[in-house]
Every structure is written in structure tokens, then in C-alpha cells.
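Single-letter residue listing:
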Amino acid sequence: MSSKKPMGQRVKEFVIDYKRQWEIQSMIIPGIIFMIIFCFIPIYGLTIAFKSYTVIDTLDSAPWVGLDNFRIILSDKYFWDAVVNTLGISFLKLAIGFIIPIILSVMIYELSAGRFKKLVQTISYLPHFLSWIVLGGMLIAWFSSSGMINEILLNLAIISKPVNILLDANKYWWIATLSDIWKEAGWGTILYLAIMSKIDPTYYEAAKIDGASRMRQIWNITLPNMKPIISLNLILTVSGLLGSNLDQTLVLMNSQNREKAEVINSYVYRMGMTQGDFSYATAVGLGVSIVSVILLISANKVSSKLNDNQSVL
């Protein structure tokens, strides 16, 4: 309705509203300043994606090369290998890692309130607070030839001799996926538990009177109330399909599994920081960002279609 009002009237109403709420409205000003300085001004640096930039140049003095960097990307075999690895790992994380926090949050919610419930929540949150440096060191020790995983597999007679699992490139996608789920599944339950705590208990009481089983209550009451936050998480996850975990990759990648471990972010890091090809690395990053925005908008449109044309974003 407000869009149909004359511009002058809308500006007047904005000023009146701002004066009435100036204490609250002013709290957003530091955030806006922060975004301008650290998010919007650095966007100017993206121009080096269209230049031949070296460390002896400035942003203005570097010569323009147009779309040459993007043409090189399209013919770069190693870049497309990184794209395949990124999509493979991301789709595994989406297929498995997106569902597990939902199931885990429902199981925690169904536990009776008490110390055991708090203990389960604390244990599930704990890996999130450990850095990938710590977790990576643990995984490297566990998967080594003399590590815990080899001991278990040998005792179960699944393998006949110890092997260093992290040196097997064909197993890397699963190691990256499962270790990421182990670290973040518990933390991912927080939003779901928050939305479940807002469900009106009278829904469950009415369902019990009607003779609904616990599983029926979860299916007909709990999950439908979680639908908005599930849709939001799905949209954000889909938009981040090309933004694989750089920390995890740098810790777990080695010369033997690089073929399957190299992802777009680590490739950009290697090209930019270790080989000094800043223009190429920026062009890759810019292309990934554009595709991610397209995925975000597409996922939001699909989600709105599935939710009676109600957009989450």
C-alpha cells in the first residue's frame, strides 16, 4: 500500500517514524558503516579480474585485459576438476548433512527435560567449537596406518593390513562429508529447537486426545511448524554449493588425495596467495559469486512455489 503513496508523503512518514524510534534506529548505524567500509568499498578491487595485475601495479595502473582471465578459466582443466570436486562434496553434504540436524533436533526435542537432555545437547554442540586445525589433527591421527580406525577395521577383519585412509583419493569425498557433519550437525539443531519451542502445546494435547501416536504427532504437528526454517536453511545451503569449506580442505588435503580434494576455494587460494596470479583468482571468485547469487534466487523461487507462493527471503 505504501508504494502507491507519493514520494513526498513517504519521505515525511519515514522522518516521523525515525524521530519516534531514533534510539532504536540509531543502533543500526554502526552496522551500516561497517558494511560500507569492509563490504562495499572493497568491491572496487574486483576490477583486477579484468586486468593483468601484479604486485608492482596499483589498481589504477594495471593494464586492462577485458575478459581474457575468464577465457583462461573456461579452458583450465584444473579449475573444472575443482568444480567437480566442489559439487560432489557439496551435494553429499546437502543430501546427508541437511537431513541429520532435522532428525537430531526432533530426537532431542522428544527427550524429557532434564540433565540427560542438556548433556546430549552439550555433547552435540561441542565439535562446533573446535577449529579444523584441532579436528584435522585428530582425523589425521585416527586415519593413519596405526590409528584408531585401522585398529577397528583390523579387529573386525574388514581389512587384512593397515592403510593410511587419508592417502586414498577415492575416499576423500566421504571423509570430508562425514567429518563436516560430525562437526556441525549438533550446532545445526539450534534453530530447529528454537522454532519447536514455540509450538503451542495444546496441539499435542488435542492430538493425544484423538489417539495420535508420537510419530503421527511429529509428522503432522512438529515438521509442518518447522517448514519455514527448513526452507530458509535449504535456500542458504543451495546458494553455498560452490562455497566449500576452505579450512577443512587445507587441513585434510595432501599430495596423494589432491586430485579429489582440491575445491574451488582452495584452488583460488593456491592461485592467488601461493602463485601470485591475483587477476585469475579474482576472476574465479567473481564467477563463483555470480553463480551463487543465481542459485540463491532460484532456490528461493522454487521454495516459494512449494510454500503457496510465500517467499522465505
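Cut-off values and rules
- Counting starts from 1 at the beginning of each chain's written sequence and moves along it residue by residue.
- Given that the model is predicted, a residue must reach a pLDDT of at least 70 before its local features are reported, and side-chain atom pairs must reach 80 or more before they are shown or counted; all residues, however, enter totals for whole chains, interfaces and linings.
- Hydrogens and waters are ignored; side-chain quantities use all the structure's heavy atoms.
- Helix and strand labels come from DSSP, where a helix needs a run of H or I of at least four residues and a strand needs a run of E of at least two; each type is numbered from the N terminus.
- Any residue under 20% of the maximum accessible area for its type is buried, any over 50% is exposed, and the rest in between are partly exposed; the area is computed with a 1.4 Å probe on protein chains only.
- By the criterion applied in these results, polar contacts are pairs of N or O atoms within 3.5 Å in which, for protein atoms, one can donate a hydrogen and the other can accept it, and in which residues neighboring in sequence qualify only through two side-chain atoms.
- When checking whether two residues touch, look at their non-hydrogen atoms; a contact exists if any pair is within 4.5 Å.
- To obtain an axis, a line is fitted to C-alpha atoms, over the contacting stretch when the element is a helix, and the angle between two such axes runs from 0 to 180 degrees between their N-to-C directions.
- Here the word oblique covers every angle except those under 35 degrees (roughly parallel), over 145 (roughly antiparallel) and from 65 to 115 (roughly perpendicular).
- Note on residue categories: nonpolar means Ala, Val, Leu, Ile, Met, Phe, Trp, Tyr, Cys or Pro, charged means Asp, Glu, Lys or Arg, and polar means any other residue, Gly included.
- Salt-bridge detection follows one rule: a side-chain nitrogen of Lys or Arg within 4 Å of a carboxyl oxygen of Asp or Glu.
- We define a nonpolar core as any set of buried Ala, Val, Leu, Ile, Met, Phe, Trp, Tyr and Cys residues linked to one another through side-chain atoms lying within 4.5 Å.
- Crossing handedness follows the turn of the near helix against the far one: under a right angle anticlockwise gives a left-handed crossing, and clockwise gives a right-handed one.
- Two aromatic rings from Phe, Tyr or Trp, using only the six-membered ring of Trp, form a pair when their centres are within 6.5 Å; if the ring planes differ by under 30 degrees the pair is stacked, by over 60 it is edge-to-face, and anything between is tilted.
- Whether a charge lies above a ring is judged from NZ of Lys or CZ of Arg, which has to be within 6 Å of the ring centre and within 35 degrees of the ring normal.

**What about the side chain of Ser-179?**
Then, number 1: Here Ser-179 is to be found in helix α10 (residues 172–184).
Then, number 2: On the basis of relative accessible area, Ser-179 is assigned to the buried category, the value being 5%.
Then, number 3: At 2.9 Å, the side chain of Ser-179 and the side chain of Gln-248 are in polar contact.
Then, number 4: In this view, Ser-179 contacts Trp-132, Leu-139, Gln-248 and Leu-252; residues no more than four positions away in its chain are not counted.

**Overview of the packing of helix α5 (residues 77–97) against helix α6 (residues 99–110)**
Then, number 1: At a minimum axis distance of 5 Å, the contact between α5 and α6 shows a crossing angle of 20°. By the angle between their directions, the pair α5 and α6 is classed as roughly parallel. The segment α5 lies against α6, with Ala-95, Ile-96 and Gly-97 engaging Ile-99, Ile-100 and Pro-101.
Then, number 2: Of the residues that constitute the contact of α5 with α6, the class distribution is 5 nonpolar, 1 polar and no charged.

**Considering the environment of Leu-67**
Then, number 1: Along the chain, the position of Leu-67 falls in the loop between α3 (29–40) and α4 (68–74).
Then, number 2: Residue classification places Leu-67 among the partly exposed residues on the basis of a relative accessible area of 47%.
Then, number 3: It is 8.2 Å that separates the C-alpha atoms of Leu-67 and Ala-49, two residues lying 18 residues apart in sequence.

**Focus on the pattern of salt bridges**
Then, number 1: According to the stated counting rule, one finds 9 salt bridges in the structure shown.
Then, number 2: The shortest N-O distance in the salt bridge between Glu-110 and Arg-214 comes to 2.5 Å. One end of the pair, Glu-110, is in helix α6; the other, Arg-214, is in helix α13 (residues 214–239), and 104 residues separate them in sequence.
Then, number 3: When its relative accessible area of 26% is taken as the criterion, Glu-110 is described as partly exposed.
Then, number 4: Classification of Arg-214 by relative accessible area gives partly exposed; the value is 37%.
Then, number 5: Two residues, Arg-270 and Glu-262, come together in a salt bridge whose shortest N-O distance is 2.7 Å.
Then, number 6: Glu-262 gets classed as buried once you look at its relative accessible area, which sits at 6%.

**Description of the environment of Gly-114**
Then, number 1: Tracing the chain through its elements places Gly-114 in the loop between α6 and α7 (115–125).
Then, number 2: Take Gly-114: its relative accessible area is 31%, and that puts it in the partly exposed class.
Then, number 3: Taking the C-alpha atoms as reference points, Gly-114 and Asp-200, separated by 86 residues in sequence, lie 20 Å from one another.

**Here we look at the nonpolar core**
Then, number 1: Phe-98, Ile-102, Tyr-192, Met-196, Met-226 and Ile-230 are the most contacted members of the largest nonpolar core, which has 21 residues in total.
Then, number 2: With 7 residues, α13 is the largest single contributor of residues to this core.
Then, number 3: Excluding anything up to four places from it in sequence, Tyr-192 contacts Phe-98, Pro-101, Ile-102, Ser-105, Met-226, Ile-229, Ile-230 and Asn-233.

**Here's the deal with the packing of α13 against helix α17 (residues 278–306)**
Then, number 1: For the pair α13 and α17, the least separation of the axes is 8 Å and the interaxial angle reads 155°. In terms of orientation, α13 lies roughly antiparallel with respect to α17. The two elements α13 and α17 meet at a crossing, and its hand is right-handed. Judged by residue contacts, Ser-231, Ile-235, Val-238 and Ser-239 of α13 engage Ser-292, Leu-295, Leu-296, Ala-299, Asn-300 and Ser-303 from α17.

**Comments concerning the packing of aromatic side chains**
Think of a pair of aromatic rings as described by two things: how far the centres are apart, and how the planes are tilted against each other in angle.
Then, number 1: Per the stated rule, a full pass over the model turns up 11 aromatic pairs.
Then, number 2: Pairing Tyr-267 with Tyr-280 gives two aromatic rings, centres 6.3 Å apart and planes at 75°, and the pair type is edge-to-face. Here Tyr-280 lies in helix α17 and Tyr-267 lies in helix α16 (residues 264–274), a separation of 13 residues in the sequence.
Then, number 3: Residue Tyr-280 is classed as buried on the basis of its relative accessible area of 3%.
Then, number 4: Through pairs of rings, three or more aromatic residues link up here, namely Phe-79, Trp-80, Tyr-267 and Tyr-280.
Then, number 5: Just above the ring of Trp-64 sits the side chain of Lys-51; from NZ or CZ to the centre is 4.5 Å.
Then, number 6: One Lys or Arg, Lys-77, reaches over the ring of Tyr-78 and ends 5.5 Å from the middle of that ring.

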